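Okay, here's what each chain looks like letter by letter:
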Amino acid sequence: MNRNFTQTISVQCDDPSQIIAMLTQWDLSQATSDIMGYMGTRLLADREKLGQYVIVADFGVVDPNVSAADEAARNNTRPETRAWAAKLLEVIDGEPEYHHYDEIYRTDR
Amino acid sequence: MVPCWFVSSQPTHDVDQHDIHTVTLVARGIATAVAPEDGITEVQAELLEAIASALTGLSVDYRSLEPLSAEEFADALAARDLDFRQRIVHHMVLAELVLRPLPVVVAHRVAKYAEALGVKDDFVRVARRYAQGAYGLAWMDLQRNGFVGHVLDANEEAASAKTAKVRDPFEPAKEDVELAAKWTAFAALPEQTLGRCVWEMYDGRGFDLPGVAGGAPAYLAQHDFVHVLADYGTNLKGELEVFALIGRADPDPKGFAWLATLLGLFETGYISTTGFFDRDTRERNARARGMNQRIADAIRRGKIVCDEYGTDLFEVDYYELAARPVDEVREILRVPVKAEIALESGSVGLFDLEGMSETQQKVYAQRREGKV
């Protein structure tokens, strides 16, 4: 079974448009480069906590011998990922909070 | 009145000469690469068999072939040029794109076979994204590498061409008085001319002309001339045929993006919308009875256009050709007649009711009764 992997990044930010621009650019670069586990991202705004956002990044299996979590770990070591994370620090307030999940159920599989 | 769908006798084109050993070897490589764990599916086998038969004139049963490793396949095709090997890879991708779900193991294996053949192809990657479930990235990839890059290249190569210049073939239509006037003027051309026939196609179905609000974008409207020249209907099956022909007629292998997109829209649903076409998988159109033969014949016809005319059909200045008889334009563009097997498999003509969608049929009937 191909189990997807998800990373969430919780951030505080006054202007989410900067994050959206960064995510858009990231998606464009990923779409036109060699395939890896990254599938796509959602950016969610907290309705109760103004300025609180969650970036939800999904990873999937592209090689039957490599898990989605391992694909994400590989992604984590890439220079462009490091650069993106460093830039994120410039547009958010405080430190981001990371969480990691294995997908165990999805409606539309 | 001579109907526009009348197709006069045209030169027949024999398929290229092939030997059964080579055709079987290629089929073994493709079948091994694209087979899911339970074996090649009926849809895959029927489509691949039809394509092999249309292009080579030889029949191979894809269900009962001995496996061929990627290395053996690469050795077998070592003497072939990159264009040939890339077209073979596209046949593999085509057999992937009719699968939903597309198993990761298949998409990964096809990538390995393509790599062994020395082919780095964007469509292999698009298929891998489908298998992964990354549909958004897949569409971005297909747009940017399959269409936009290709269209920009074509624009640069044909800087003096009179065809529509676009950055994205699916960019929304713009109102354009000059363009609308050109299309309106087609109505006054003599019967059986390309312009008159394409105008009748629009008028009979109630389509808004390019250039007016609600009309097709100028670039995409180019494909409507091919509906006339190739005599394909305008329902979803007809669209699959016309884009299979256009895609293969393109000397640039990136033309395969058209068929890949139409399959994503009208067969598997991997693509939700292109802005102009929207997903419609109520009927699985590529696996419908006879469609394997119809798509295969469209690919065969496209290959002949590619070999003998050698220009992307989206880059043709149809406005320059509009006043000429359809048969004459067919001869200029080297568009061959349909194969008998395609006709027997239900490939109807542009003005046959069966070649129209339900909505188009209703409008057509109303127009004939003078209600619209």
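Heads up: these notes are all about the structure in this document. All values reported here derive from a predicted model rather than from experimental measurement.

Rules used throughout
Residues numbered from 1 in each chain as written. Chains lettered and ligands numbered in written order. Predicted model: local features only at pLDDT ≥ 70, side-chain atom pairs only at ≥ 80, totals over all residues. Heavy atoms only, no water. Axes fitted to C-alpha atoms, helices over the stretch in contact; angles between N-to-C directions. Helix = DSSP H or I, 4+ residues; strand = E, 2+ residues; numbered from the N terminus. Parallel < 35°, antiparallel > 145°, perpendicular 65-115°, else oblique. Left-handed = near helix turned anticlockwise from the far one by under 90°. Contact = heavy atoms within 4.5 Å. Salt bridge = Lys/Arg side-chain N within 4 Å of Asp/Glu carboxyl O. Buried < 20%, exposed > 50% of the residue type's maximum accessible area, 1.4 Å probe, protein only. Pairing = 2+ DSSP bridges. Nonpolar A, V, L, I, M, F, W, Y, C, P; charged D, E, K, R; others polar. Arc of directions from axis to C-beta. Polar contact = N/O pair within 3.5 Å; in protein donor to acceptor, adjacent residues only side chain to side chain. Buried area = accessible area lost by both parts, 1.4 Å probe. Phe/Tyr/Trp six-rings, centres within 6.5 Å; stacked < 30°, edge-to-face > 60°. Lys NZ or Arg CZ within 6 Å of the ring centre and 35° of its normal.

**Examining the packing of helix α11 (residues 236–249) of chain B against helix α12 (residues 256–266) of chain B**
Residue and element names in this part refer to chain B. Running from N to C, α11 and α12 cross one another at 160°; their axes reach a closest spacing of 7 Å. Between α11 and α12, the interaxial angle falls into the category roughly antiparallel. When the axes of α11 and α12 are compared, the crossing they make is left-handed. Residue-level contacts link L236, E239, L240, F243, A244, I246 and G247 of α11 to F256, W258, L259, L262, L263 and F266 of α12.

**Notes on the pattern of salt bridges**
All names here are of chain B. One pass over the structure, following the stated rule, counts 25 salt bridges over all chains. R63 is the salt-bridge partner of D61, the closest N and O atoms lying 3.2 Å from each other. By relative accessible area, which is 38% here, D61 ends up partly exposed. Residue classification places R63 among the partly exposed positions, given a relative accessible area of 38%. Of the charged contacts, one joins R125 and D141 as a salt bridge, the two residues approaching to 2.7 Å between their closest N and O atoms.

**Some words on the pairing of strand β1 (residues 5–12) of chain A**
Residues and elements named next belong to chain A. By the criterion of burial, β1 is predominantly enclosed, with 7 of the 8 residues buried. Across 8 bridges, β1 lies against strand β3 (residues 52–59) in antiparallel orientation. Residue pairing across strands places F5 opposite F59, the latter belonging to β3. Summarising the sheet, β1 and strand β4 (residues 93–102) pair through 7 bridges and their orientation is antiparallel. Counted as the bridge partner of S10 is E97 from β4.

**Here's the deal with the packing of helix α4 (residues 82–97) of chain B against helix α5 (residues 104–116) of chain B**
All names here are of chain B. Where α4 contacts α5, the two axes come as close as 10 Å, and the packing angle between them is 180°. The orientation of α4 relative to α5 falls into the category roughly antiparallel. Listed contacts from α5 to V89, M92 and E96 of α4 are V106, A107, V110, Y113 and A114. Considering only residue class, the contact of α4 with α5 consists of 7 nonpolar, no polar and 1 charged.

**Regarding helix α8 (residues 177–185) of chain B**
All names here are of chain B. Among the residues making up α8, those that are buried are L179, A180 and W183. Buried positions in α8, seen along its axis, are confined to an arc of 100° and lie on one side of it. Across from the buried face of α8, at angles greater than 90 degrees, the exposed residues are V177 and E178. Tucked inside the fold, the buried residues of α8 contact α9 (194–205), α10 (218–230) and α14 (318–321). The opening residue of α8 is D176, an N-cap whose side-chain oxygen sits 3.1 Å from the backbone nitrogen of E178.

**Examining unusual backbone geometry**
All names here are of chain B. With an omega dihedral of 5°, the bond running from R100 to P101 counts as a cis peptide bond. You can see P101 is positioned in the loop between α4 and α5. Positive phi outside glycine occurs at Q192, with the angle close to 75°. Checked against the element boundaries, Q192 lands in the loop between α8 and α9. Notably, D231 is not glycine yet its phi reads approximately 60°, a positive angle.

**Quick word on the environment of B:T268**
Looking at where B:T268 falls in the secondary structure, it is placed in the loop between α12 and α13 (291–308). Note: C-alpha distance between B:T268 and B:L99 (169 residues apart in sequence) is 7.1 Å.

**Let's talk about the interface of chain A and chain B**
Every contact between the two is made by 19 residues of chain A and, on the other side, 15 residues of chain B. Carbon and sulfur atoms supply 58% of the area that chain A and chain B bury against each other, a total of about 1,500 Å² over both sides. Among the residues of chain A in contact with chain B, A:A31, A:I35 and A:M39 are the three that bury the most area, contributing 36% of the side total. At the boundary of chain A with chain B, the tally comes to 1 salt bridge. Run the count over chain A and chain B and you get 10 residue pairs in polar contact (both at pLDDT 80 or more).

**Some words on the sheet that holds β3(A)**
Residues and elements named next belong to chain A. In spatial order, the strands read β2-β3-β1-β4; together these 4 strands make up an open sheet with antiparallel pairing. The open sheet has two edge strands with one neighbour each: β2 (38–45) and β4. Mean inter-strand twist for the sheet, computed between neighbouring axes without regard to direction, equals 15°. Packed on one face of the sheet, helix α1 (residues 16–31) meets β1, β2 and β3 and runs near 170° to β2.

**Some words on the packing of aromatic side chains**
Residue and element names in this part refer to chain B. Inspection of the entire model under this criterion finds 24 aromatic pairs over all chains. In textbook terms, an aromatic cluster arises when at least three aromatic residues are bridged by ring pairs, as seen for W183, F186, Y202, F207, F225, Y318 and Y319. For K182, the ring lying beneath its charged end belongs to Y319, and the centroid distance is 4.7 Å. Between the NZ or CZ atom of R205 and the centre of the ring of F351, over which it lies, the distance is 5.8 Å.

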